[in-house]
Amino acid sequence: MPGARKAPTKGQIRRRNLEVAVQYPLDWLEERSGLVGGVKYFLFRNVPADTNWMQTLGAATLTAFIVQAVTGVILAMYYQPTPQGAYPSIVNITDHLTLGWLVRGMHKWGASVFIILMFLHMGRVFLFGAYKYPRELNWIVGVLLLLTGMMEGFTGYLLPWDQTAYWASVVGINLNGTAPFLGPWLAQFLRSGQEISGDTLTRFYSLHMLLLPGAIAGLIGLHLYLVVRLGVTSPPWSPEAAGRDRPEEPSDLRQGLTQPAAHGGGGSE
Amino acid sequence: MEPSEHGPDRDDARHHEPSPTLYPLGFAVGIAVILVGLVIDPLLIGVIGLAITLVFAFLWIRDATRLHREERVAVEAEQRKAEETGVPVKGERFPRSRFLESMTVGLGAVIGGIVTVPVAGFALLPSFLGQGRHRVDLGPLSQFPEGQWLVATFMTDPAAGEVSRRTAFVRNNGIFQNVPSFTIISNRCAHLGCPVQPNGPIGKTSFESTANGKVRLIQATPAGFGCPCHGGQYDTEGNRTAGPPVRALDRYAFEIVNGRLVLLSTFSVAFVDGTGAQAQIHKYKLAGPGQHVDGPEQWFYPLQPPHH
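Residues numbered from 1 in each chain as written. Chains lettered and ligands numbered in written order. Predicted model: local features only at pLDDT ≥ 70, side-chain atom pairs only at ≥ 80, totals over all residues.

Draft legend 1. Representation of the overall build of chain A in the model. Scanning chain A from terminus to terminus reveals 10 helices and 0 strands. Secondary structure elements in chain A, listed N-terminal to C-terminal, are α-α-α-α-α-α-α-α-α-α. Relative to its full complement of 269 residues, chain A shows a buried share of 25%. For chain A, the share of sequence-separated contacts (at least 6 apart) that also reach a separation of at least 24 residues comes to 65%. (Helix = DSSP H or I, 4+ residues; strand = E, 2+ residues; numbered from the N terminus. Buried ≥ 20, exposed ≤ 12 C-beta atoms within 10 Å, placed from the backbone. Contact = placed C-beta atoms within 7 Å.)

Draft legend 2. How the structure looks around the packing of helix α3 (residues 57–76) of chain A against helix α9 (residues 198–230) of chain A. Residues and elements named next belong to chain A. Packing of α3 against α9 leaves a shortest axis separation of 12 Å and a crossing angle of 155°. With respect to each other, α3 and α9 are oriented roughly antiparallel. Note that α3 runs across α9; the crossing there is left-handed. Along its contact with α3, which presents Leu 62, Phe 65, Ala 69, Gly 72 and Ala 76, the element α9 presents Met 209, Pro 213, Ile 216 and Ile 220. Split into classes, the residues belonging to the contact of α3 with α9 amount to 8 nonpolar, 1 polar and no charged. (Axes fitted to C-alpha atoms, helices over the stretch in contact; angles between N-to-C directions. Parallel < 35°, antiparallel > 145°, perpendicular 65-115°, else oblique. Left-handed = near helix turned anticlockwise from the far one by under 90°. Nonpolar A, V, L, I, M, F, W, Y, C, P; charged D, E, K, R; others polar.)

Draft legend 3. Summary view of the pairing of strand β13 (residues 280–284) of chain B. All names here are of chain B. Note: strand β12 (residues 260–273) against β13, 4 bridges, orientation antiparallel. Counterpart to Asp 273 in the pairing with β13 is Gln 280. Turn length for the β12-β13 hairpin, with the two strands adjacent in sequence and antiparallel, is 6 residues, and the turn residue Gly 274 shows positive phi of about 80°. (Pairing = 2+ DSSP bridges.)

Draft legend 4. Quick peek at the interface of chain A and chain B. Contact with chain A, which involves 22 residues of that partner, is made by 24 residues of chain B. Elements with a contribution of two residues or more to the side of chain A that touches chain B: α7 (163–177) and α8 (183–191) of chain A. Take the side of chain A that touches chain B: its biggest share by element is 6 residues, from α7 of chain A. For the side of chain A that touches chain B, a count of residues per class yields 12 nonpolar, 10 polar and no charged.

Draft legend 5. Here's a closer look at unusual backbone geometry. All names here are of chain A. The linkage connecting Tyr 133 with the following residue, Pro 134, adopts the cis geometry, with an omega of 5°. Note on placement: Pro 134 falls in the loop between α5 (100–127) and α6 (136–158). Here Leu 99, not a glycine, exhibits a phi torsion of approximately 65°, which is positive. You can see Leu 99 is positioned in the loop between α4 (86–95) and α5. Looking at Leu 99, the number of C-beta atoms within 10 Å reads 10, which means it is exposed.

Draft legend 6. Fine view of α3 of chain A. Taking 1.5 Å of rise per residue, 20 residues should cover 28 Å, and α3 of chain A covers 28 Å from first to last C-alpha, within 8% of that figure. Looking at the packing, one finds that the buried side of α3 of chain A touches α4, α5 and α9 of chain A. (Expected span 1.5 Å × (residues − 1).)

Draft legend 7. Broad picture of the confidence of the model for chain B. Confidence along chain B averages 86 in pLDDT terms, with 86% of residues attaining 70 or more. Confidence estimates for the predicted assembly give a pTM of 0.76 and an ipTM of 0.77. (pLDDT = per-residue confidence, 0-100.)

Draft legend 8. Highlighting the nonpolar core. Of all hydrophobic cores here, the largest spans 41 residues; its most connected members are Leu 150, Ala 152, Ala 168, Val 170, Ile 184 and Leu 249 of chain B. With residues near it in sequence (within four places) discarded, Leu 150 of chain B still touches Phe 144, Val 170, Leu 217, Ile 218, Gln 219 and Ala 220 of chain B. One finds Leu 75, Tyr 79, Ala 86 and Leu 201 of chain A within the second-largest nonpolar core, a separate group that totals 13 residues. (Core = buried A, V, L, I, M, F, W, Y, C linked by C-beta atoms within 7 Å.)

Draft legend 9. Quick look at the environment of Tyr 87 of chain A. Residue and element names in this part refer to chain A. With respect to the secondary-structure elements, Tyr 87 resides in helix α4. Residue classification places Tyr 87 among the partly exposed residues on the basis of 17 C-beta atoms within 10 Å. Placed 75 residues apart in sequence, Tyr 87 and Asp 162 show a C-alpha to C-alpha distance of 6.5 Å. Filtering out sequence-adjacent residues up to four positions away, Tyr 87 remains in contact with Pro 160, Trp 161 and Asp 162.

Draft legend 10. Just the sheet that holds strand β8 (residues 225–226) of chain B, in detail. Residue and element names in this part refer to chain B. Within the open sheet, the 4 strands sit side by side as β5-β8-β9-β10. Their pairing is antiparallel. A single partner strand is all that each edge strand has here, and the edge strands are β5 (197–198) and β10 (240–242). Summarising the sheet, β5 and β8 pair through 2 bridges and their orientation is antiparallel. Its bridge partner being in β8, Gln 197 is matched across the sheet by Gly 226.

Draft legend 11. Main features of the packing of helix α1 (residues 10–33) of chain A against helix α2 (residues 35–43) of chain A. Residues and elements named next belong to chain A. Following both chains from N to C, one finds α1 and α2 inclined at 95°, their axes separated by 6 Å at the closest point. Taken together, the axes of α1 and α2 are roughly perpendicular relative to one another. Side by side, α1 and α2 meet where Leu 26, Leu 29, Glu 30 and Ser 33 of the first sit next to Leu 35, Val 36 and Gly 37 of the second. Residue classes in the contact of α1 with α2 are distributed as 4 nonpolar, 2 polar and 1 charged.

In structure tokens, the structure reads:
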């Protein structure tokens, strides 16, 4: 009885046309690459119902890294990694270029935010026990990310090339130099010679904006791959957590925790 | 291939667990010899240890992988024959796919090596080779009155600019045994390399134009030297008196050329007995800040990188 169906209104037709218009390029892309499905698979995963706000710290750290990458790329357009030019170019960015103060400030303070968030995220993973089987490897990748992140902090600190930057790097390099056996060699490699010079600055600049960010991006990819593959953990207090569903456990205890309302708020345990 | 056809081979492999071997022990002995060599004589004993390590590593790897190498070839040849002719043929035929596989991996490794070796060398070696020696002309001896401390600030390499600026504390000790004597202390703290300051009032500033550009000389009356970073304290001979430094302040070697004071390389000092011209300086090759040059802790730093 097709005649009984109401004719679509103008609004419905417009909406369907819009859907087709939006869907067409996505379908085109999906058919040729599978990317749409891949992104959906990555973003619309099932997670435990009782995930916690603390479990957003990893995504926050990723956001901080992206902010550092974007602001760093822009700063590199104006910064000069030479002993004569470094500090004047920093002054130029901060005092003269439009919005330079803001982008440099984002990069400078964002660096601390990145490190702090890494530690908070690590603390969450530790306290939730989320590093345990089968996620040990992701903890190790996370430790490597922490190390490369700290190296970013160390190499970036020299770049303003002011007195604080210079002497902090002298102390930091000499700290490395006191490591047994290979320490003196490591220090001389970091200095690019026996004394801090212009080569030290360009070396730190190259490490800071090419090698270490590349390593961090790769490690983040691995980190996220393992998160997607292994899934998100429940909080430790979760009654739904994996391994909690033991038959010998009194059922009323679990019901009392999960559905207090059904028992008239009877949390008698 | 039916899984069942793998059965006998797998069982066979399980019976042939690697037998216990002494090669790891030899490997460990080699490592131990290397470590001993690092302390005693890196060139001779270190190389011997390295040779022992490499030989035993090779034997160990060969021993550990023997079963895999033998078995895999045998299994694959057998399977191929079974598929193609239906008649299992025993033999050690090297299959074409394995040849191509190893050629691809091998050529890739060769290309990677050709690229990596020079790049890694360029990343590492310039820091260690061709480290230039500096001579710094501080001006005529008349600028340095006997017994007067001067804070001398100069550039070791005027072409490099301000980044090569260094400071030394200079005191003319007068003539000792017919030779002019100077105490010339580097201002780099023996803890972590911060610039130590004279503990005491400073006086007049003068400038001297030399081959190294402008040298600044500031009169000072120090009771000692102190570091602003972590509080290391030294007496006027550079001996540590308090705080975290592990040895005395480094000193500059010097020579006097045509009546002018010329600074040469720096050297490290464990401690100094006595003062001024009569001082007994316990002198060592230059070590980085924070590194012990005497006592048992010196064993942690057996080999310094090449420097001037």
